[in-house]
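# Report on the structure
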Amino acid sequence: MNSESKPETRPLVLVDGSSYLYRAFHAMPALSTSTGEKTGAIYGMTNMLRKLLTDYDPQYIAVIFDAKGKSFRNDIYPEYKANRPPMPEDLRPQVPLVHEIVRAMGIPVLSVEGVEADDVIGTLANQAAAEGRETVISSGDKDLAQLVNEHVRMVDTMKDAVYDHDGVVQKFGVPPERMIDYLTLVGDVSDNVPGVPGVGPKTAVKWLEQYGSFDGVVQHADEIKGKVGESLRTALKQLKVSRELVTIRRDVELAVAPEDLARDGHDDEALRELFARLEFRTWLAELGGANAASVEKAQEDYETVLDMDRFEVWMKRLAVADVFAFDTETTSIDAQQAELVGVSFSDRAGSGAYVPLAHDYPDTPVQLDRDTVLAQLRPLLEDPERIKVGQNVKYDMSVLARYEFQMRGFAYDTMLESYVLDSTASRHDMDSLALKYLGHKTIKYEEVAGKGKGQLVFSEVPLEQAGPYAAEDADITLRLHETLWPRLQEVPSLEKVFREIEMPLVPVLSRMERNGVGIDVVMLQKQSRELAKRMVEVEQEAQDLAGQPFNMASPKQIQEILYDKLGLPVLKKTPKGAPSTAEEVLQELALDYPLPQRILEWRGLAKLKSTYTDKLPEMVNARTGRVHTSYHQAVAATGRLSSSDPNLQNIPVRSAEGRRIRQAFVPDEGNIILSADYSQIELRIMAHLSGDEGLCQAFREGADVHRSTAAEVFATPPDEVSDEQRRAAKAINFGLIYGMSAFGLSRQLKIERAAAQEYIDLYFARYPGVREYMDRTRTSAKEKGYVETLFGRRLHVPDIGASNMNRRQYAERTAINAPMQGTAADLIKLAMIAVHHWIECEAPEVRMIMQVHDELVFELPREHLAQAEERVRTHMVGVANLAVPLVVDIGHGANWDEAH
């Protein structure tokens, strides 16, 4: 069982089915089956959906079609869509099959009588945005651009284009909130919506820029000269109707809400039948239907081992194999809780065995004794000379550690092979990799164990289903390795990253996860009470400022107080046109007004309470008395580690309340916490990669680099640099690493944009090597499609050549930043490996318990502190030889906050 998980960042996807159906029909060649059945629109539509599912992996999605019959717009304007030709005869029979395929893919299909697909999409997007849920509308219909906002973007998969706010402006010349005005003026020939005769996009944009809105155009209609002015004045009465026709409704009464649009699993049997009928052979092969005979043969070579003779046969096979795959089946995806249920292995493609050890259900067959099997496996699994491969090996390593195993000789991990090859190309779980690299549809866990509340623990799964599932895991792992490893070997730098960084890190992370960290539950409970008390105080302060009670968790009530009652400026609007109370809006308002400050403070306190002080005590492992996070190697594109359950990367450090949470991370009695943190690591990497002599010199001299930068930029002696100048220099130093623009710098420093641009220009004039590095990196990324870290890790930037300006510019910023972030990630990983080796060989009393960004945290007896400080610093500094010194800040204390 593999437990590598992916953080939940998936949007709601709403597909404009009617639009895509027609576009697919006209875009695709006249495809048909050998019997003459037309398939072009079906193929195009299905291909588009597959791409959406790959790109966004949505948990919630729907395809929305226009309902049969007329809509409310025909009641407003009987000639609406009157010029539309009937559906092409070749398209009509394809429509029901499209619906069947969409449903078989597990995607809800919607259509609502009396309204159009656009109105259903508008309503769902509006509901999702009100909940703060990100939404992607997949369509090429310009009408839907009016729905784009801070939570909603539009994608056109057929043009590979993405439209956010700036993208709409770039495409149409007006922002999303002016699209209704724009469409009213230009009209729509295809829908027979009249606009102003003679007015095209350029004139409409010019008028809206000049007069601000459609209402502004109407108010100044008498001032517009010439024939076009006459046309406008003549059309004014009709334009009111046109405006109503082009306005998408966002309040349609629906039987479903966004949370009801969850993707169900594929109905593979239905898809096999459809793809076979339509002769979509490649997709059929992915489902195992193209070559059923070979699939059946592979399954016949899977064995469930129930007697000692067959087990010993397999032991002999594994003993002489050049490499074999190994996997565990357990009772939980949490390695710290999991009990071993069985083991599987494979020594050649298409062959595999499952040895059940602890299945327990009525009439369970007699299984081999677990202790006996583990005793015979131990020499193989602990022998560093017996080469083995796994998928997410760390999980199996941690599970078997509970049975006193020290797994060695695991030279390969297919999850990490895929990740090092291309961290951004796909998900790295076995099912995704098998489909991508082998064209093989694996048996899903839900197929053997069920899903939802009725899902079985694996020990309850009958061996008839459990055996093939588990044996396939081992077989597919071996086959993936045989496919992926030659590709890695083709790029020596990537093979080196895999061999010297990622694989050696696996046992380090396993050991850290098992070490866990101590939590002062009583302190956290006290903090929860204090946070609750402070929340009440802040709520009272907010209500005093508002002059009335209101619900601090209600955006609607906050909206009424801030804008209707207090008259604060409206900086941004919701899809319905109401003033926004989103986080970034309140942050801007909080610069000038006290009430938004209180609301933000209350929200911050509420998040700390629910996420940390309430939740952490519930996460203490009953067996160990400690909290055990899970570290993920194959999630972040840059190579950075991430963590979950709990996410240690996000525990706040800047607020007093956040630091108090860190005070609850404590050692065992008699021990002390030690923290070792790389100082300004990404700036130092920037100095090394750019080779800029001024920046390098500042670091070599051990100077305050922000003060040195301020001295250069503002032409001031270092000892005369003001705090304000140093703050500006720090913002520039860190901002440029992340591609900050003059606009972003001006907002952060609260200065005019021109002044911010002047700061940046001065910076580049003083540090020309930095600009040369950025230009060089941008050019190289465009040529190669990737950038590299100092250690050879490749970070792919597929959008670097995108036609969409926003996507391209984001990719350029990523290309500049990724080598620094990626190199920092490689450095901390190498440091962890080096320090772990020292601990294993010389200092078993020291425990490495956490890795957070550029910081390593240890727990150790107080009497070993001096030696640990010296050795940890030596190992962390010694992992690389840069053009500037690596500096490690070390602290210690009775808790994490004191040490940090």
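One structure accompanies this document, and this report is about it. (Residues numbered from 1 in each chain as written. Predicted model: local features only at pLDDT ≥ 70, side-chain atom pairs only at ≥ 80, totals over all residues. Heavy atoms only, no water.)

Another aspect to go through is the side chain of E513. Inspection of the secondary structure puts E513 in helix α21 (residues 492–515). Relative accessible area serves as the criterion here: at 4%, E513 is assigned to the buried category. Side-chain polar atoms of E513 contact the side chain of K394, separated by 2.7 Å. A distance of 2.7 Å separates the side chain of E513 from the backbone nitrogen of Y631, its partner in a polar contact. Filtering out sequence-adjacent residues up to four positions away, E513 remains in contact with Q336, K394, S398, H628, T629, S630 and Y631. (Helix = DSSP H or I, 4+ residues; strand = E, 2+ residues; numbered from the N terminus. Buried < 20%, exposed > 50% of the residue type's maximum accessible area, 1.4 Å probe, protein only. Polar contact = N/O pair within 3.5 Å; in protein donor to acceptor, adjacent residues only side chain to side chain. Contact = heavy atoms within 4.5 Å.)

The next thing to look at is the sheet that holds strand β5 (residues 152–156). The strand order across the open sheet built from six strands is β3-β2-β1-β4-β5-β6, with neighbouring strands paired in mixed fashion. Each edge of the open sheet carries a strand with a single partner, namely β3 (109–110) and β6 (161–163). Across four bridges, strand β1 (residues 12–16) lies against strand β4 (residues 135–138) in parallel orientation. If you follow V13 over to β4, its bridge partner there is V136. (Pairing = 2+ DSSP bridges.)

Here we come to unusual backbone geometry. With an omega of 0 degrees, the peptide bond running from D645 to P646 counts as cis. Mapped onto the secondary structure, P646 falls in the loop between β15 (642–644) and α26 (656–663). Positive phi values are uncommon outside glycine, yet N192 reaches one of about 60 degrees. Secondary-structure assignment places N192 in the loop between α7 (179–186) and α8 (201–211). Although it is not a glycine, E404 sits at a positive phi angle of roughly 65 degrees. Summarising the element assignment, E404 is placed in the loop between α16 (393–401) and β12 (410–413).

This paragraph deals with the packing of helix α17 (residues 414–421) against helix α20 (residues 463–489). One can describe the packing of α17 onto α20 by two numbers: an axis separation of 9 Å at closest approach and a directional angle of 30 degrees. The orientation of α17 relative to α20 falls into the category roughly parallel. Of the two possible hands of crossing, α17 and α20 adopt the one that is left-handed. Across from T414, E417, S418, V420 and L421 in α17, the residues of α20 making contact are T477, L480, H481, L484, W485, R487 and L488. Residue classes in the contact of α17 with α20 are distributed as six nonpolar, four polar and two charged. (Axes fitted to C-alpha atoms, helices over the stretch in contact; angles between N-to-C directions. Parallel < 35°, antiparallel > 145°, perpendicular 65-115°, else oblique. Left-handed = near helix turned anticlockwise from the far one by under 90°. Nonpolar A, V, L, I, M, F, W, Y, C, P; charged D, E, K, R; others polar.)

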